[in-house]
Amino acid sequence: QVQLVESGGGLVQAGGSLRLSCAASGRTFSNYAVGWFRQAPGKEREFVARISYVGNSTSYTDSVKGRFTISRNNAKNTGYLQMNSLQPEDTAIYYCAADASFYRIKTNAAYWGQGTQVTVSS
């Protein structure tokens, strides 16, 4: 099993930046793909980004492409989501997820963090 804890959320003005962190413990972090998801009130959970276990493959949902960057540091057992040019539409609770499969993580991730709130004001 893998335990995940997100941090780095907060309140930011439109156009600003924020970096989220996902600290992992338990099984070897490098054996798992990492994903980021978000959920706004009254809406379905939405896939944001994912990264393979060695960090050489990534994918993003279209709405964040060019603004967000997913990365990882396996030596630190930590994943990151750098968010630039934030807009009010990005306001949501952001969740970190992990799964042994880069493909399965997008729709059926095995492990989840508790979430961190990101609020973008106009």
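Coordinates for the structure precede this section.
About the cut-offs
- Residues numbered from 1 in each chain as written.
- Predicted model: local features only at pLDDT ≥ 70, side-chain atom pairs only at ≥ 80, totals over all residues.
- Heavy atoms only, no water.
- Helix = DSSP H or I, 4+ residues; strand = E, 2+ residues; numbered from the N terminus.
- Rg over C-alpha atoms; globule rule 2.2 N^0.38 Å.
- Buried < 20%, exposed > 50% of the residue type's maximum accessible area, 1.4 Å probe, protein only.
- Pairing = 2+ DSSP bridges.
- Axes fitted to C-alpha atoms, helices over the stretch in contact; angles between N-to-C directions.
- Phe/Tyr/Trp six-rings, centres within 6.5 Å; stacked < 30°, edge-to-face > 60°.
- Lys NZ or Arg CZ within 6 Å of the ring centre and 35° of its normal.

As for the overall build of the protein
Here is step 1: The helix and strand tally for the protein stands at 1 helix and 11 strands.
Here is step 2: Of the regular secondary structure in the protein, the N- to C-terminal order runs β-β-β-β-β-β-β-β-β-α-β-β.
Here is step 3: The C-alpha radius of gyration computed for the protein amounts to 13 Å, which stays within 12% of the reference 14 Å derived for 122 residues, consistent with globular compactness.
Here is step 4: By principal-axis analysis of the C-alpha atoms, the protein measures approximately 40 × 30 × 25 Å.

Here we look at unusual backbone geometry
Here is step 1: Look at Asn-77: it is not a glycine, yet its phi comes out positive at around 55°.
Here is step 2: Among the structural elements, Asn-77 can be located in the loop between strand 7 (68-73) and strand 8 (78-83).
Here is step 3: Positive phi outside glycine occurs at Ser-85, with the angle close to 50°.
Here is step 4: With a relative accessible area of 38%, Ser-85 lands in the partly exposed category.

Section: the environment of Gly-26
Here is step 1: As for its placement among the helices and strands, Gly-26 is situated in strand 3 (residues 18-26).
Here is step 2: For the pair Gly-26 and Val-2, spaced 24 residues apart in the sequence, the C-alpha separation amounts to 4.8 Å.

A closer look at the pairing of strand 7
Here is step 1: Here strand 7 shows one buried face, formed by Phe-68, Ile-70 and Arg-72, and one open face, formed by Thr-69, Ser-71 and Asn-73.
Here is step 2: Here strand 7 folds back onto strand 8 in antiparallel fashion, the turn holding 4 residues, of which Asn-77 has a positive phi close to 55°.

Focus: the sheet that holds strand 7
Here is step 1: Overall, antiparallel pairing links the 4 strands, which are arranged 1-3-8-7 in an open sheet. Either end of the sheet is taken by a strand with one partner, and the two such strands are strand 1 (2-7) and strand 7. Mean inter-strand twist for the sheet, computed between neighbouring axes without regard to direction, equals 20°.
Here is step 2: Where strand 7 lies against strand 8, 6 bridges are found, and the strand directions are antiparallel. Among the inter-strand pairings, Ile-70 is bridged to a residue of strand 8, identified as Leu-81.

Some remarks on the packing of aromatic side chains
Between two aromatic rings, the relevant description is the distance of the centres plus the angle of the planes.
Here is step 1: Tallying each qualifying case throughout the model produces 4 aromatic pairs.
Here is step 2: Look at Phe-37 and Phe-47: their rings are 5.7 Å apart centre to centre, the planes differ by 70°, and that puts the pair in the edge-to-face class. You can see Phe-37 sitting in strand 4 (residues 33-39) and its partner Phe-47 sitting in strand 5 (residues 46-51), a full 10 residues away along the chain. For the pair formed by Phe-37 and Phe-47, the shared burial category is buried.
Here is step 3: Summarising the aromatic geometry, the rings of Phe-37 and Trp-112 are spaced 4.8 Å apart at their centres and angled 55° between planes, so their arrangement reads as tilted. Pair noted here: Phe-37 is in strand 4 and Trp-112 is in strand 10 (residues 111-112), with a separation of 75 residues, a long-range link.
Here is step 4: Here Arg-45 stacks its cationic end above the ring of Trp-112, 4.0 Å away from the centre of that ring.
Here is step 5: Geometry around Phe-29 places Arg-72 over its ring, the cationic atom sitting 4.5 Å from the centre.

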